[in-house]
Amino acid sequence: MKKLISYFWPSTKRFSSEINGTLEVTFIDGKKVLDTLNANYSYGSLQKILEVGLNIIDLSSVKNVLLLGLGGGSIIKSLREKYNYQNNIVAVEIDPQVVKLAKTEFGIIPSKYLQIIQGDAFEYVKNSEEKFQLIIIDLFIDINVPPIFYGKEFCTNTARLIANEGSIIFNAGINLNLQTKDFETVSSNFGNDFNFKIHRKVNGTNTLLIGVKRQD
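Given the structure is predicted, the values throughout are model-derived calculations rather than measurements.

Draft legend 1. View of unusual backbone geometry. One non-glycine residue, N84, lies in the positive phi region at around 55 degrees. With respect to the secondary-structure elements, N84 resides in the loop between helix 3 (74-82) and strand 6 (88-93). Given a relative accessible area of 59%, N84 falls into the exposed group. Notably, E165 is not glycine yet its phi reads approximately 65 degrees, a positive angle. Here E165 shows up in strand 9 (residues 162-174).

Draft legend 2. Focus on the sheet that holds strand 6. As summarised here, the arrangement of the seven strands in space is 7-6-5-8-9-11-10, forming an open sheet in which the pairing is mixed. Either end of the sheet is taken by a strand with one partner, and the two such strands are strand 7 (114-118) and strand 10 (194-202). Between one strand and the next, the sheet's axes are offset by a mean angle of 15 degrees, whatever the strand orientation. As paired strands, strand 5 (residues 64-68) and strand 8 (residues 132-137) are joined by four bridges and run parallel to one another. Bridge assignment links L67 to a residue of strand 8, and that residue is I136. Helix 3 contacts strand 5, strand 6, strand 7 and strand 8 of the sheet and is inclined by roughly 170 degrees relative to strand 6.

Draft legend 3. Broad picture of the confidence of the model for the protein chain. When pLDDT is averaged across the protein chain, the result is 89; 91% of the residues are at 70 or more. Across residues 1-8, where pLDDT falls below 50, the model places ten contacts with residues more than four positions away in sequence or in other chains.

Rules behind the numbers
- Residues numbered from 1 in each chain as written.
- Predicted model: local features only at pLDDT ≥ 70, side-chain atom pairs only at ≥ 80, totals over all residues.
- Heavy atoms only, no water.
- Helix = DSSP H or I, 4+ residues; strand = E, 2+ residues; numbered from the N terminus.
- Buried < 20%, exposed > 50% of the residue type's maximum accessible area, 1.4 Å probe, protein only.
- Pairing = 2+ DSSP bridges.
- Axes fitted to C-alpha atoms, helices over the stretch in contact; angles between N-to-C directions.
- Contact = heavy atoms within 4.5 Å.
- pLDDT = per-residue confidence, 0-100.

What follows is the structure in structure tokens.
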């Protein structure tokens, strides 16, 4: 009954976060979405944007995925249900309230093949030694990617964790007016072992950087 009612009278619950301000979980058109005051975090346009990147990646050889920025876990749902990816996922999320909502509102629960780490993505890639065939970078505070995640240290450390012929999907921002050379600079921060393509205005709003690591 609640699902049917949501098509006519959406309902919203609000939660306070020290990192993201007000978070909203809205039940609308038969599903829940997670938003900040200005941006969709999960299960709306963001999910569609990241799926554009996943459509480009060959997941058949991917055994280990690193997700930097969990949100409500919509891309985990996509991987499991739409792309039938059943191998390991490590998700890193700095906001404990987001981790809690992913579990209680969206059913994203740690398991044998899903590790959820509440921590700083910058520090995680700096200290980890684990290798991944796919890293998805989706690190927003409201509508902005913190500048540190465009920088050379973060990009270099992230690139170090990518296995040969592995891929990176970087959700680089919303409605950015940067020149191509600016995105090329960010791409170059991952190092010379990667071939990147820039996808602008994905779903009308976001820029995706998609890179593939060449074999040594």
